[in-house]
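Single-letter residue listing:
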Amino acid sequence: ENGVDGRAVRVGTRRSQLARIQTDSVVMALRELYPDLRFEIVAMSTTGDKILDTALSKIGEKSLFTKELENALERNEVDLVVHSLKDLPTSLPPGFTIGAVCKRENPLDAVVFHPKNCGKTLRLLPEKSVIGTSSLRRAAQLKKKFPHLEFRDIRGNLNTRLKKLEEKEDFSAIILAAAGLKRMGWENRIGQLLGPEDCLYAVGQGALAVEVRAKDQEILNMVSALHDADTVLCCIAERAFMKRLEGGCSVPVAVNTLLKDGQLYLTGAVYSLDGSDSLKETMQTSVSYPHQNEDGPNDDVQHVGITAKNVSGQAQEAAENLGVELASLLLSKGAKHILSVARQLNDA
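Remember, predicted model here, so these are calculated numbers, not experimental data.

### Things to note about the overall build of the protein
In step 1: Tallying secondary structure elements over the protein gives 11 helices and 13 strands in all.
In step 2: Looking at the protein as a whole, 53% of its 348 residues are labelled buried.
In step 3: In the structure as shown, the protein presents an accessible area of about 15400 Å², 48% of it carried by carbon and sulfur atoms.

See the structure below:
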């Protein structure tokens, strides 16, 4: 018998090469788990793929890369959608949930240098070298760290951005997520990895999310086998932090998480657009709770949009509380002011 109830399971994805590679990896994992099921990939373009001449932070739409895919999910044209978790807003539209968060790839940011700067680091680039990035978060942190550099917006998918770097003399280097480069098989292009001391990463960066209809028990149960417990807990803490701050891609919010010996450490920060003003704190909590089969009415509790039945509910709650508490601490120290100024300047 093919598919759920004899039909194929339809998997929605963006058309970009990276999105396809990410989706293929998820479908491959599902095929291994469910060899009797048929999976069909449905690719589509999103708003974010179509508007390429405007900075992401200026378009002002929260679900730039997800809306069209969610519409297809709502209309029952696909059964699940694969996203980069960092593209998903912390509040999902009603009726949807993240049914799986796969094991995280390296979440750090990476520098790809123009061929003429091969072997250099950001610190060693000449004065006024131009660095391409479409992320306010990266620019804010790196401006402060490397005041001799200039930062300029660069848009397009990975292929397009790398092409712009190589074929023109406009940029000395560009900053990309290490995870995307690795998945594309371009790890050798990474000239420098930016550790937390240089650049904290985006909420959810490096993790893949599988979005499903919250009421579609069959599909939800099927994809939940893909959950990676450690990644789930880190990402719940990060998303809760972001949600409490009401951050999006129009303000510079950054994180770093570490899960070690049952302790979850979350570092979170907010920045002014030029990085001159910032707040950064670290908190930790214990997440070493046994997983009990918590059947019953709270079976499908969502934590910042994630439904993870096979991860301890107590641990998820602790992770979410950690994110909220860290954000509250920053807010009590003036984060709201930094973020609203950043938002106003960006809108202007």
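### So, unusual backbone geometry
In step 1: Located in the positive-phi region is Asn 76, a residue other than glycine, with phi close to 65°.
In step 2: Tracing the backbone shows Asn 76 in the loop between helix H4 (67-74) and strand S3 (80-84).
In step 3: We classify Asn 76 as partly exposed; its relative accessible area is 43%.

### Some remarks on helix H9 (residues 229-245)
In step 1: For H9, which comprises 17 residues, the first-to-last C-alpha distance of 25 Å matches the rise-based estimate of 24 Å (1.5 Å per residue) to within 8%.
In step 2: In terms of burial, H9 is largely enclosed, as 13 of its 17 residues are buried.
In step 3: Looking one or two residues beyond H9, the residue adopting positive phi is Glu 246, at roughly 60°.

### Remarks on the nonpolar core
In step 1: Counting 43 residues, the largest nonpolar core has Leu 85, Ile 98, Phe 241, Leu 245, Val 253 and Val 270 as its most contacted members.
In step 2: Listing elements by their share of this core, those giving two or more residues are strand S4 (96-101), H9, strand S11 (253-260), strand S12 (263-271), helix H10 (313-332) and helix H11 (335-347).
In step 3: Sorting elements by how many residues they give to this core places H9 first, with 10 residues.
In step 4: Setting aside residues no more than four positions away along its own chain, Val 270 makes contact with Leu 245, Pro 252, Val 253, Asp 277, Ser 278, Leu 279, Leu 330, Ala 335, Ile 338 and Leu 339.
In step 5: Formed by 19 residues, the second largest nonpolar core is a distinct cluster that contains Leu 208, Val 212, Val 223 and Leu 226.

### Some points on the pattern of salt bridges
In step 1: Evaluation of the coordinates by the stated rule reveals 13 salt bridges.
In step 2: Asp 79 is the salt-bridge partner of Arg 213, the closest N and O atoms lying 3.4 Å from each other. Placement of Arg 213 in strand S10 (residues 208-213) and of Asp 79 in the loop between H4 and S3 is noted, with a sequence separation of 134 residues between them.
In step 3: On the basis of relative accessibility, which here comes to 13%, the residue Arg 213 falls in the buried class.
In step 4: When the shortest N-O distance is used, the salt bridge between Asp 109 and Arg 137 registers 2.8 Å. Of this pair, Asp 109 sits in strand S5 (residues 109-113) while Arg 137 sits in helix H5 (residues 136-145), and the two are 28 residues apart along the sequence.

### Things to note about the sheet that holds strand S1 (residues 9-14)
In step 1: The strand order S2-S1-S3-S10-S4 describes an open sheet built from five strands, whose pairing is mixed. The sheet terminates laterally at strand S2 (39-44) and S4, the two strands that pair on one side only. Going from strand to strand, the sheet's axes swing by 30° on average, the running direction of each strand aside.

### A look at the environment of Arg 244
In step 1: Topologically, Arg 244 is positioned in helix H9.
In step 2: A relative accessible area of 38% places Arg 244 in the partly exposed class.
In step 3: For the pair Arg 244 and Glu 325, spaced 81 residues apart in the sequence, the C-alpha separation amounts to 8.8 Å.
In step 4: With residues up to four places along the chain from it excluded, the contact list for Arg 244 reads Val 324, Ala 327, Ser 328 and Leu 331.

### Focus: the sheet that holds S11
In step 1: Sheet architecture is open: three strands sit in the order S11-S12-S13, paired in antiparallel fashion. A strand with exactly one partner marks an edge of an open sheet, and here the two such strands are S11 and strand S13 (278-286). On average, each strand axis in the sheet is inclined to that of its neighbour by 15°, with strand direction left out of account.
In step 2: Bridge analysis of S12 against S13 gives nine bridges, and the strand direction is antiparallel. Note on S13: the bridge partner recorded for Gly 268 is Glu 281.
In step 3: Those strands touched by H9 are S11 and S12, and its axis lies near 150° from that of S11.

### A word on the pairing of S12
In step 1: Among the nine residues in S12, seven count as buried, and that is most of the element.
In step 2: Pairing geometry for S11 and S12, over eight bridges, is antiparallel. By the bridge assignment for S12, Lys 260 is matched with Gln 263.
In step 3: Connecting S11 to the antiparallel partner S12 that follows it, the hairpin turn spans two residues, and Asp 261 within it adopts a positive phi of roughly 50°.
In step 4: As consecutive antiparallel partners, S12 and S13 are separated by six residues, and within that stretch Gly 275 has a phi angle of approximately 80°, a positive value.

### Considering the side chain of Arg 138
In step 1: Structurally, Arg 138 can be placed in helix H5.
In step 2: Beyond its immediate chain neighbours, meaning those up to four positions away, Arg 138 contacts Lys 86, Asp 109, Thr 133, Ile 175, Leu 176, Ala 177, Cys 199 and Gln 205.

What counts, and at which threshold
- Residues numbered from 1 in each chain as written.
- Predicted model: local features only at pLDDT ≥ 70, side-chain atom pairs only at ≥ 80, totals over all residues.
- Heavy atoms only, no water.
- Helix = DSSP H or I, 4+ residues; strand = E, 2+ residues; numbered from the N terminus.
- Buried < 20%, exposed > 50% of the residue type's maximum accessible area, 1.4 Å probe, protein only.
- Areas by Shrake-Rupley, 256 points an atom, 1.4 Å probe, with all protein chains shown as cover.
- Expected span 1.5 Å × (residues − 1).
- Core = buried A, V, L, I, M, F, W, Y, C linked by side-chain atoms within 4.5 Å.
- Contact = heavy atoms within 4.5 Å.
- Salt bridge = Lys/Arg side-chain N within 4 Å of Asp/Glu carboxyl O.
- Pairing = 2+ DSSP bridges.
- Axes fitted to C-alpha atoms, helices over the stretch in contact; angles between N-to-C directions.

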